[in-house]
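The chain contents come next:
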Amino acid sequence: PDISIYVSSITMLARTRLPKNIEKAERILLMVEGERRQGALVTGADKVSWNSVINAWARSRVHDKAKRARLALDKMDEFSKIGKGAIKPDVISFNAVLNACVFTGGPSNVIQEAKRIAIQTFEDLKQSEGIKPDHVTYYTMVKMYKYLEETGEERLNGMKSTFEECCCAGQVGKLTVKEMFSVLTEDQQKEV
């Protein structure tokens, strides 16, 4: 089969959001990359294929979706360094991982891991060469603090610092402001 059949299969499997199909899509991605490295294929999987798998994990209902999405992002980055960089993660890749983190549910340890993954992913994006956070990134990070951080000072400080970075980067969107102000008192809103 040529690369277009592999890419179509990956996309189709990822759209189902069923864990076993997402795992199949990931295996096909890894097989394609292995064959490309061995010279059996001229090109490897494209960015859309990788982002489809990361998004599928983000939209899945498994408790470890944040971890799985992050592992897929790390594999994507690893292959981009080995190959010609055609599959280098973009802001969409990072945002999909952040989204997986925000919508992670389950026991406290799983939620804490999702929060850690979100913060690390956000930092990695800011350090990435050639890409930077966009309005979706900041919106998602504000939501992360709102939903995953315990109520109190840590939650407020995380949201505030993210919002300040967002303002400095010129990436303030209506949804970010709405999320931010949904948890602040009137006095806190004036302070921000």
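Fair warning: this is a prediction, and the values are worked out from it, not measured in the lab.

Structural notes on the confidence of the model for the protein chain
- Within the protein chain, residue pLDDT values average 89, and 95% of them lie at 70 or more.
- By mean pLDDT, helix H10 (residues 186–191) is the weakest element of the protein chain at 78, and helix H5 (residues 91–102) is the strongest at 97.

Some points on the environment of arginine 27
- For arginine 27, the location among the structural elements is in helix H2 (residues 19–37).
- Note on arginine 27: relative accessible area 52%, which makes it exposed.
- Remark: the alpha-carbon pair of arginine 27 and leucine 13, spanning 14 residues in sequence, is separated by 11 Å.

A closer look at a positive patch on the surface
- Taken together, Arg15, Arg17, Arg59 and Arg61 make up a surface patch of like positive charges.
- Residue position: arginine 59 is located in helix H3 (residues 47–59).
- Take arginine 59: its relative accessible area is 35%, and that puts it in the partly exposed class.

With respect to H2
- For H2, which comprises 19 residues, the first-to-last C-alpha distance of 27 Å matches the rise-based estimate of 27 Å (1.5 Å per residue) to within 8%.
- Of the positions making up H2, those classed as buried are Asn21, Ile22, Ala25, Glu26, Ile28, Leu29, Val32, Glu33 and Arg36. Angularly, the buried residues of H2 cover 155 degrees about the axis, an arc narrow enough to put them on a single face. H2 presents Lys20 and Arg27 as exposed residues on the side facing more than 90 degrees away from its buried surface.
- The secondary structure elements touched by the buried residues of H2 are helix H1 (3–15), H3 and helix H4 (65–82).

Rules of the game
Residues numbered from 1 in each chain as written. Predicted model: local features only at pLDDT ≥ 70, side-chain atom pairs only at ≥ 80, totals over all residues. Heavy atoms only, no water. pLDDT = per-residue confidence, 0-100. Helix = DSSP H or I, 4+ residues; strand = E, 2+ residues; numbered from the N terminus. Buried < 20%, exposed > 50% of the residue type's maximum accessible area, 1.4 Å probe, protein only. Patch = residues over 30% accessible without salt bridge, like charges linked within 9 Å, V, L, I, M, F, W, Y side chains within 5 Å. Areas by Shrake-Rupley, 256 points an atom, 1.4 Å probe, with all protein chains shown as cover. Salt bridge = Lys/Arg side-chain N within 4 Å of Asp/Glu carboxyl O. Lys, Arg positive; Asp, Glu negative; His and termini not counted. Charge placed at Lys NZ, Arg CZ, Asp CG, Glu CD. Expected span 1.5 Å × (residues − 1). Arc of directions from axis to C-beta. Contact = heavy atoms within 4.5 Å.

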